[in-house]
Each structure stands twice: as structure tokens, then as C-alpha cells.
Amino acid sequence: MRRRTPLTALAVLTTALTLAACGSSGGSSSGGGSTDAATATSAADLGGMDALVKAAKAEGTLNVIALPPDWANYGAMLDTFGKKYGITINSATPDASSQDELNAVTSQRGQDRAPDVLDVGTSFAQQAATQNLLAPYQVTTWGDIPEGQKDPQGRWYNDYGGYVSIGCNATVVGQCPTTFADLLKPQYAGKVALNGNPTQAAAAFSGVWAAALANGGSLDDIGPGIDFFKKVKEAGNFNPVEITPATILSGETPISIDWDYNNAAQTQKLKDAGSTWEVHVPTDGLFGAYYSQAVSKFAPHPAAARLWQEFLYSDEGQNIYLQGLARPVRLPVMQQAGTVDAQALTALPAVQGTAEFPSQEQQTAAQKVVADRWNQEISG
């Protein structure tokens, strides 16, 4: 994540949100894809979009990983892409973490089932670039992505984001918490859960950082966030069960600390099940971030991998994210051009205040603190 958001992204503040996250050359194909596609750094390298589409259709397959259908509207995204281009999508381990994705790139290298593309927290994208796991590729709409939200070499680029929020099943809980401070109240015994382990999952990691900001911490000090969850655990309120749509629907995790788009996506489902679901972006711990996209350097379907990126960053793909209540990185440009889904834009959860954004150095330092302390003090 970058400390400052470029001016091109600041327009979002007046209408929705400003977020910030929160090289190798070439590559090889192991699954029958074209060598040209495996080394292409833009559609122009292959002769344009028509040529890229033709090459991707010839491969006929795209391998994705860690894309739950309920996350940022990926169910619709995958379905639309597959039908639009006639490409079969293999979706592996939808509930995997960002670290699991990087592990899959290395452990499945050279196999036809290896991931073609990645969707990871920005710190994990930076880690993958350092490990030489990513292929540089610049989408056609590259110029619309603010400079602070993409790798200059094109190895990763931010795509969609949101704010850390508190989702709550009011039917189960009664009065819902709206701040981090509320989570220590005795009425929430055994009810407070995170989306994953912060040492592995960017959503949970960001939840800890938001808690730090709410408890005297800063972008230079995530420690108070771990201290806070230790208090939540000692109070008997922390629920170690990882949040999933199923645990939310069953009431097993009635208070969910997760991205606002993930929490908001449960509203209608809970209503259909007879429950009232509330989503609050806490004013005492405002933290926002983007997720990043990347092409694996070892993608078995390199043309399909690059076409997937083009689709995600097109107006169509960006609006699909928005329809899932995630804030697309090209939102300011689309608003100016009049290509944004205006109805979806008005449905975004309300936010008060302005988020601060960590630098890459702060992000790395915070990860180390969480890695050193979380499992010992919270999971142990």
C-alpha cells in the first residue's frame, strides 16, 4: 500500500472513496499456450485485442484460485467471462488465502493445473514480485490506474477495494456494535470473528490494523491491534471460527470483521433467511485497501491469463465489481466518462472520515509484527 493516493484517484473521495493498496522479463508456458503470449507485456505485443482473444480461445481454459463467488461479485465475474469468450474456468480452492495462492504458484509450477492468475493483498503481490513469480503485463486501460497503485514494471496492479467493516446479525445479537470499542462489551461473548488468520489473509490482517488505529496505534504501529484482539479473547468475545457465508447464515459467526463489500453482500441472503444483517464502517478504526491482480510467470494458459486481466479492468469488469459493492480502481475515470453503473454506486455502504494509507515499508514492518505475535498470543 502506498502512503499517498495520487491526485487522479482523489476524485473518489467526493463520490465514494479513496483507497490505496490497501521485475521479471518474460516467462514460459507449460500447458500448450503460445510462447508469444507467455512473453507478451501488452495486447499490442500479440497484434491487438482481437489476436489476444483468438489466442485465449485457442487455449480454451483459465485456472483461477481463491475467488469465492460471494467475494466482490466474483461469481458473476467468472460466469460472464466464461460465457463471453467460451473459455472453461477451473476455480481452485475458493476460500484460499493470499499466501496459499503464492504457495500454489511455486508448488504447482510446470503443471497444467497451476494458477494462471492471482488475486492477492497488495503486500503479497509485492512479495510475489520480489520472488520473481509474476509476469509483467499492462492492460489496455493501464493509464487509468493511478501510479501509486501499480508496479511500474506491470507485475501487479490494484483492482478493487473497500473498508474494514463490522457486519452483524441483529436478529441473533440484538443491538449491533458500530465501533471497535463496542466489541469488548460482554453481550458479544463468543461472537466476534475475523475473515481468516492475519498472518495468512489480507482481510484479517487489515482488520487487525483497523483495530490498531482505533486503539492508539498508527501506520507505524500495528501492535495495539493485536493487543486489542487479545483483550477481546480474554473477555471471551473472540470467536476463532473463520468467517464464511455459511457461518454467517448459520449464525455461528454473528459479528463479522471483514471488508464492507463482503459483509454487505450478505444482506439480502440474511433477509431471505429471516434475519436482519447490518454493516457498519467503524469511525474509530477507518482502514481501506485494494486487492491486486497479477499474471503468474508460469501460467499454463498465458493468453487466457492476459485476457482475464483485460476483462477485469474493462468498464464491464469494473462495473461487475461495483455491483458487488467493491470499489473499482478505475471508478474516478469511469465516473468522468459516464460509463459507471450509477445505481450500483449509490448502494455502497456509508463511510465517514478519510482513511490513511501505509507505505510499502510500513506494510512490511506490520506484517512482521503480526507474524511474530499473532499465533503465539491469539491463536495459541
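Residues numbered from 1 in each chain as written. Predicted model: local features only at pLDDT ≥ 70, side-chain atom pairs only at ≥ 80, totals over all residues. Heavy atoms only, no water.

Engineer: Would you mind going over the overall build of the protein with me for this structure?
Structural biologist: Looking only at helices and strands, one finds 16 helices and 10 strands in the protein. By the compact-globule yardstick of 21 Å for 380 residues, the protein fits well, its C-alpha radius of gyration being 20 Å. Counting across all 380 residues of the protein, residues that qualify as buried make up 57%. Accessible surface for the protein amounts to roughly 14200 Å². Of this, 49% is attributable to carbon and sulfur atoms. (Helix = DSSP H or I, 4+ residues; strand = E, 2+ residues; numbered from the N terminus. Rg over C-alpha atoms; globule rule 2.2 N^0.38 Å. Buried < 20%, exposed > 50% of the residue type's maximum accessible area, 1.4 Å probe, protein only. Areas by Shrake-Rupley, 256 points an atom, 1.4 Å probe, with all protein chains shown as cover.)

Engineer: Please explain unusual backbone geometry as it appears in this structure.
Structural biologist: Trans is the common state for peptide bonds, and a negative phi is the common state for residues other than glycine. One non-glycine residue, Ala-72, lies in positive phi territory at about 55°. Checked against the element boundaries, Ala-72 lands in the loop between strand E1 (61-65) and helix H3 (74-85). Here Asn-73, not a glycine, exhibits a phi torsion of approximately 70°, which is positive. For Asn-73, the location among the structural elements is in the loop between E1 and H3.

Engineer: Explanation requested: the nonpolar core in the structure shown.
Structural biologist: General note: in soluble globular proteins, nonpolar side chains tend to be found buried as a group. Counting 106 residues, the largest nonpolar core has Trp-71, Tyr-74, Tyr-160, Phe-229, Tyr-261, Trp-308 and Trp-374 as the members making the most contacts within it. Tallying contributions element by element places helix H7 (residues 202-213) first for this core, with nine residues. Residues within four places of Tyr-261 in sequence aside, it is in contact with Trp-71, Ala-72, Tyr-160, Gly-161, Gly-162, Tyr-291, Gly-324, Leu-325 and Ala-326. Within the second largest apolar cluster, five residues are counted, among which are Ala-193, Ile-243, Leu-270 and Trp-277. (Core = buried A, V, L, I, M, F, W, Y, C linked by side-chain atoms within 4.5 Å. Contact = heavy atoms within 4.5 Å.)

Engineer: Sorry, what's going on with helix H8 (residues 223-234) here?
Structural biologist: Two residues of an α-helix separated by three or four positions point the same way, owing to the 3.6 residues in each turn. Over its 12 residues, H8 extends 17 Å from the first C-alpha to the last, a length consistent with the 16 Å expected when each residue adds 1.5 Å. Inspection of H8 places Gly-223, Pro-224, Gly-225, Ile-226, Phe-228, Phe-229 and Val-232 among the buried residues, and these make up the whole buried set. Those residues of H8 that are buried lie in contact with strand E6 (192-194), H7, strand E7 (255-259) and helix H16 (360-379). Where H8 terminates, the next one or two residues include Gly-236, which has phi positive at roughly 85°. (Expected span 1.5 Å × (residues − 1).)

Engineer: Help me understand the pairing of strand E5 (residues 157-169) in this model?
Structural biologist: Two faces belong to every sheet, and in a regular strand the side chains alternate between them. Here E5 lies mainly inside the structure; 13 of its 13 residues are buried. Pairing between E5 and strand E9 (residues 288-296): six bridges, direction antiparallel. Each residue of the ladder has a partner; that of Gly-161, found in E9, is Tyr-290. In the sheet, E5 pairs with strand E10 (residues 327-328) via two bridges, with the strands oriented antiparallel. Its bridge partner lying in E10, Tyr-160 is registered against Pro-328. As defined by bridge partners, E5 adjoins E7 across five bridges and the pair is classed as antiparallel. What sits directly across from Ser-165, in E7, is Asp-258. Pairing analysis gives four bridges linking E5 to strand E8 (residues 277-280), with the strands arranged antiparallel. Pairing of Gly-167 across the sheet is with Val-279, part of E8. (Pairing = 2+ DSSP bridges.)

Engineer: For this particular structure, what's the right way to read the side chain of Asn-169?
Structural biologist: Along the chain, the position of Asn-169 falls in strand E5. Residue class for Asn-169 comes out buried when judged on its relative accessible area of 2%. Ignoring sequence-local partners within four residues, the contact set of Asn-169 consists of Gly-174, Cys-176, Ile-248, Pro-254, Leu-270, Ser-275, Thr-276 and Trp-277.

Engineer: Quick question: what am I supposed to make of helix H2 (residues 49-59) here?
Structural biologist: Among all positions of H2, only Leu-52, Val-53, Ala-56 and Glu-59 are buried. Projected down its long axis, H2 shows its buried positions confined to an angular sector of 120°, all on one face. Of the exposed residues in H2, those oriented more than 90 degrees away from the buried face are Asp-50, Lys-54 and Ala-58. One or two residues past the end of H2 sits Gly-60, with phi positive at roughly 75°. (Arc of directions from axis to C-beta.)

Engineer: I tried to follow the side chain of Asp-182 on my own but got confused; where do I start?
Structural biologist: Examined against the element boundaries, Asp-182 turns out to sit in the loop between helix H6 (170-173) and E6. Judged by relative accessible area, Asp-182 falls into the buried class, the value being 14%. Contacts of Asp-182, omitting those with residues within four sequence positions, involve Pro-177 and Tyr-188.

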